Amino acid sequence: MPNTVWPDDLIQIAANKSLVLFVGSGVSASCKNSLNESPPTWNKLLERLAKAIKLDSTDKKKFTMFKELLESHRLLDAAELLKYSANDQGRTGDLTNALKSAVQGPRGCHFLPSGWHESIGEIDPSIIITTNYDKILESANGFTYTPLAYTSDEIGSQIRKNEPTIIKLHGSIDEPSKTILTRSDYARLHRYGSTTLDIVRALMWTRTFLFVGYSLSDPDLQALLQDVFAARWSENVSPHYILTSDATSDHDKEMFRYCYGISTLTYDRKLGDYGLTAFQEFGKQVSATPPH
């Protein structure tokens, strides 16, 4: 049995369609294609991109630096090095093609929705925010969401009309040149997605967020929290939640609560499903709860 205890108020908030679901790469990582492949983890993605631009054979010094950045978990800086090297070598196209294949699956063998997506459908939140580039969410059976990238000027009107919306905060693989992958890409996010970030901040103050598919060490999550959620909350109030492993330390839990207003809900890592069983239980409880 799952050991996650879902707060009654969170279940009711979701039943009332007031929950904002924040979806990370762990949700896409659960997907498979017809070749039984899954999207790569952050580290594996960067290693695949380095191989695509042949960094190990074209610039040994940069390749050594790249490996050191990976080992020290400086993933945004490692991505920065890859992007610079690809541009410098005239291999930007190779980098882009490798990124598309990695997050969507090879041509004709795209990744398919998983049990996570079925449970998202049960919860049926009116707003989903994701840092994923792929289009798996949009392809899930029965989903009628309008996907909008951070550059869109339609996000505000969509939310005001209460239309089902997916905010692709780091862009979409449909426009790979505009995806947020490196540290300098975050400057582009602030420049061309400032209105979207303002909307996310407004939602942060007026709605309850649930983060799924993220590790506390995820660079996407860390950058987002610093950009948007860094604020001091009432010491007795944690308005948002994150589903994470029960290996999470108490001091990390307290840091998230104090710095970002995010309470941790833990799943049993021994199940080996990265929280899917717990999330499925949440979906069942939400779908069985009438709104009020």
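### Let's talk about the pairing of strand E6 (residues 240-245)
Here's step 1: Most of E6 sits out of view: six of its six residues are buried.
Here's step 2: With six bridges connecting them, E6 and strand E7 (residues 262-267) associate as parallel partners. Each bridged residue has a counterpart across the sheet, and for Leu-243 the counterpart in E7 is Leu-265.
Here's step 3: The handedness of the E6 to E7 crossover, carried by helix H14 (residues 250-260), is right-handed.

### Quick notes on the packing of aromatic side chains
Here's step 1: Counted by the stated rule, this structure contains 11 aromatic pairs.
Here's step 2: With centroids separated by 5.6 Å and ring planes inclined at 75°, the aromatic side chains of Phe-256 and Tyr-260 adopt a geometry described as edge-to-face. Remark: Tyr-260 and Phe-256 occur in helix H14; sequence separation between them is four residues, near one turn of the helix. Across the pair, Tyr-260 and Phe-256 agree in class, each one buried.
Here's step 3: What links up through ring pairs into an aromatic cluster is the set Trp-6, Trp-116, Phe-279 and Phe-282.

### Some words on the pattern of salt bridges
Side chains bearing opposite charge may pair, as long as their charged atoms lie close to each other.
Here's step 1: Taken as a whole and judged by the stated rule, the model has 14 salt bridges.
Here's step 2: In this structure, Lys-17 and Asp-124 form a salt bridge, with 3.6 Å as the shortest nitrogen-oxygen distance. Taken as a pair, Lys-17 in the loop between helix H1 (8-15) and strand E1 (19-23) and Asp-124 in the loop between helix H8 (115-123) and strand E2 (127-130) lie far apart in primary sequence, 107 residues in all.
Here's step 3: According to the relative accessible area criterion, Lys-17 is partly exposed, its value standing at 34%.
Here's step 4: For Asp-124, a relative accessible area of 38% puts it in the partly exposed group.
Here's step 5: In this structure, Asp-77 and Arg-74 form a salt bridge, with 3.2 Å as the shortest nitrogen-oxygen distance.
Here's step 6: With a relative accessible area of 18%, Asp-77 lands in the buried category.

### Brief notes about the nonpolar core
Here's step 1: In this structure, Leu-46, Leu-49, Phe-66, Ile-129, Phe-209, Phe-211 and Phe-229 are the most contacted members of the largest nonpolar core, which totals 57 residues.
Here's step 2: Ranked by residues supplied to this core, first place goes to helix H6 (residues 75-89) with seven residues.
Here's step 3: If sequence neighbours within four positions are ignored, Ile-129 has contacts with Val-20, Leu-21, Phe-22, Val-23, Ile-167, Leu-169, Val-200 and Phe-209.
Here's step 4: Counting residues in hydrophobic clusters, the runner-up holds 28 residues, among them Ala-140, Leu-276, Ala-278 and Phe-279.

Rules and cut-offs
Residues numbered from 1 in each chain as written. Predicted model: local features only at pLDDT ≥ 70, side-chain atom pairs only at ≥ 80, totals over all residues. Heavy atoms only, no water. Buried < 20%, exposed > 50% of the residue type's maximum accessible area, 1.4 Å probe, protein only. Helix = DSSP H or I, 4+ residues; strand = E, 2+ residues; numbered from the N terminus. Pairing = 2+ DSSP bridges. Right-handed = clockwise from strand over helix to strand, strands pointing away. Phe/Tyr/Trp six-rings, centres within 6.5 Å; stacked < 30°, edge-to-face > 60°. Salt bridge = Lys/Arg side-chain N within 4 Å of Asp/Glu carboxyl O. Core = buried A, V, L, I, M, F, W, Y, C linked by side-chain atoms within 4.5 Å. Contact = heavy atoms within 4.5 Å.

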